[in-house]
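Residue strings, one per chain:
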Amino acid sequence: MERDKDDSTGDYKGNREGDVRELVIPNDQGGLRLDQALSALLPEFSRNRIQNWIRARRISVDEAWGTTKMKVSGGEAVRVEVEPDPGATPDAPEAIPLDVVFEDPLLLVINKPVGLVVHPGSGNPRGTLLNALLHRVPQVAELPRAGIVHRLDKDTSGLLVVAKTLQAHTDLVRQLQARTVKREYLALVYGEIDHGGTINAPLARDPFNRTRRAVHSMGKEAITHYEVVERFPGVTLVRCMLETGRTHQIRVHMQHIGHPLVGETVYAASRRSHLKIPFPRQALHAEKLGLTHPRTGASMHWECPLPADFAALLEALRQDS
């Protein structure tokens, strides 16, 4: 692509139909040809493929079709429709154990462990949730993104729903777009927060680092509600309720208000207090999930406990307090 869309579509980096990348040309690439700039921004694709996409009108620049001789100035908004590679190897089913919280003919709800990548991509071609789903539910191979309608970062644990049929997939995507899917996360953040609030700050791809997101006035709407769960000296456990589901939304938003997550490295504050708690990942857990069943219309809710490492961290903080 994170394309900057809801997590209902995610930041999938494979070559699947419908994979769209929305980029901003960095200012330091001004003067380069369009294909040269995109080769630097999309290193997983050859320049020849990018040139072919330009000729096929699969790449637009500021809402106009790009050309192979076009030079960029920097700051242009580029949309790339990634064409599937006919020579690419299909994703392989793998017998990876899944912690299944709920399953019926239409839905699969899992408690994703820390370390499990959701989609195959650069650096993670195998051993992902998608590979596991292809083994457990082979029919999802016919669905967009194997039925995965939203995602969690590799080092974020917790609840994630997968559609097992096209009907369920279509319905869940609509629910996500209508913002009726309820997703609540527990996050341990630096700083002592007095009360809850709402962060309404648009997010866009960081123009200087395509793997990051940043608050930007030209970004897409992103809203996070949060409330205080428990306070400790120097840190606070908060519950974050997503109204939108942008990539890295909680991680960026909490840093934006001066309270980066414990264990965070990508969005760590430039000036942090003397307190530094050793934790090998961002302290973030998708605790609660609620949605409407695509067939019955019933309101469904799930909750899963904190993983052992997060629970142990909180217990240690309570003892120290």
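What counts and what doesn't
- Residues numbered from 1 in each chain as written.
- Predicted model: local features only at pLDDT ≥ 70, side-chain atom pairs only at ≥ 80, totals over all residues.
- Heavy atoms only, no water.
- Helix = DSSP H or I, 4+ residues; strand = E, 2+ residues; numbered from the N terminus.
- Buried < 20%, exposed > 50% of the residue type's maximum accessible area, 1.4 Å probe, protein only.
- Areas by Shrake-Rupley, 256 points an atom, 1.4 Å probe, with all protein chains shown as cover.
- Salt bridge = Lys/Arg side-chain N within 4 Å of Asp/Glu carboxyl O.
- Core = buried A, V, L, I, M, F, W, Y, C linked by side-chain atoms within 4.5 Å.
- Polar contact = N/O pair within 3.5 Å; in protein donor to acceptor, adjacent residues only side chain to side chain.
- Contact = heavy atoms within 4.5 Å.
- Pairing = 2+ DSSP bridges.
- pLDDT = per-residue confidence, 0-100.
- Phe/Tyr/Trp six-rings, centres within 6.5 Å; stacked < 30°, edge-to-face > 60°.

A. Structural context of the overall build of the protein chain. Secondary structure assignment for the protein chain yields 6 helices and 15 strands. Scored against the burial criterion, the 321 residues of the protein chain give a buried share of 50%. With an accessible surface of roughly 14800 Å², the protein chain has 50% of that area assigned to carbon and sulfur atoms.

B. A look at the pattern of salt bridges. Taken as a whole and assessed by the stated rule, the structure comprises 18 salt bridges. Between Arg179 and Glu221 there is a salt bridge, with the nearest N and O atoms lying 2.7 Å from each other. With Arg179 in the loop between α4 (166-178) and β8 (182-190) and Glu221 in the loop between β11 (213-215) and β12 (223-232), the pair connects residues that are 42 residues apart, well separated along the chain. Where Glu264 meets Arg251, a salt bridge forms, and the shortest distance between an N and an O atom there is 2.8 Å. In this pair, Glu264 is assigned in the loop between α5 (249-256) and β14 (284-292) and Arg251 in helix α5, connecting sequence segments 13 residues apart. The exposure class of Glu264 is buried, given its relative accessible area of 5%. Beyond isolated ion pairs, a larger network of salt bridges with shared partners links Arg151, Asp153, Arg251 and Glu264.

C. Looking closely at the nonpolar core. Core analysis: the biggest nonpolar cluster contains 33 residues, and Leu129, Leu133, Tyr185, Ile250 and Met254 have the highest contact counts within it. Here this core takes 5 residues from helix α3 (residues 129-136), the largest share from any one element.

D. Spotlight on the side chain of Ser157. Secondary-structure assignment places Ser157 in strand β7 (residues 157-163). For Ser157, a relative accessible area of 2% translates into the label buried. A distance of 2.7 Å separates polar atoms of two side chains, one belonging to Ser157 and the other to His285. In this structure Ser157 touches Lys112, Val114, Leu152, Arg281, Leu284, His285, Ala286 and Pro307, once residues within four positions along its chain are discounted.

E. Examining the sheet that holds strand β3 (residues 64-65) more closely. In spatial order, the strands read β1-β4-β2-β3; together these 4 strands make up an open sheet with antiparallel pairing. With one partner strand each, in any of the chains shown, β1 (20-24) and β3 form the two edges of the open sheet. Bridge analysis of strand β2 (residues 59-61) against strand β4 (residues 77-81) gives 3 bridges, and the strand direction is antiparallel. Residue pairing for β4: Val61 is matched across the bridge by Val78.

F. Geometry of the environment of Leu152. Relative to the helices and strands, Leu152 resides in the loop between α3 and β7. The buried category is assigned to Leu152, whose relative accessible area is 3%. Taking C-alpha positions, Leu152 is 6.9 Å from Val118, a pair spaced 34 residues apart along the chain. If near-sequence neighbours (up to four positions away) are discounted, Leu152 is found in contact with Lys112, Val118, Ser157, Gly158, Leu159, Leu160, Tyr185 and Ala286.

G. Molecular detail of the environment of His248. Checked against the element boundaries, His248 lands in the loop between β13 (235-242) and α5. When its relative accessible area of 15% is taken as the criterion, His248 is described as buried. In sequence terms His248 and Ala214 are 34 residues apart; their C-alpha atoms lie 9.3 Å from each other. Within the structure, the side chain of His248 is placed 2.8 Å from the side chain of Tyr267, a separation counted as a polar contact.

H. The environment of Arg210, seen in detail. Along the chain, Arg210 falls in the loop between β10 (203-205) and β11. Residue Arg210 is classed as buried on the basis of its relative accessible area, which comes to 17%. Arg210 sits 187 residues away from Leu23 along the chain, and the two C-alpha atoms are 8.0 Å apart.

I. Layout of α3. Across the 8 residues that make up α3, a large majority, 6, are buried. Along α3, the positions that sit buried rather than exposed are Leu129, Leu130, Asn131, Ala132, Leu133 and Leu134. Residues of α3 that are buried make contact with β6 (107-112) and β7. Put simply, Thr128 is the residue that caps the front of α3, since its side-chain oxygen is 3.3 Å from the backbone nitrogen of Leu130.

J. View of the confidence of the model for the protein chain. Residues at a pLDDT of 70 or more form 90% of the protein chain, whose mean pLDDT is 88. The model gives residues 1-17 a pLDDT under 50, and that stretch makes 84 contacts with residues more than four places away or in other chains.

K. Spotlight on the packing of aromatic side chains. Across all of its chains, the model carries 2 aromatic pairs by this definition. Each ring, one from Phe102 and one from Trp302, has its centre 5.4 Å from the other, and the planes form 45°; the classification is tilted. Residue Phe102 is found in strand β5 (residues 100-103), and its partner Trp302 is found in strand β15 (residues 299-303); the two are separated by 200 residues along the sequence. You can call Trp302 buried: its relative accessible area is 10%. Ring geometry for Phe279 against Phe310: centres 6.3 Å apart, planes inclined by 55°, an arrangement best described as tilted. With Phe279 in the loop between α5 and β14 and Phe310 in helix α6 (residues 308-320), the pair connects residues that are 31 residues apart, well separated along the chain. Exposure remark for Phe310: the relative accessible area of 0% places this residue in the buried category.

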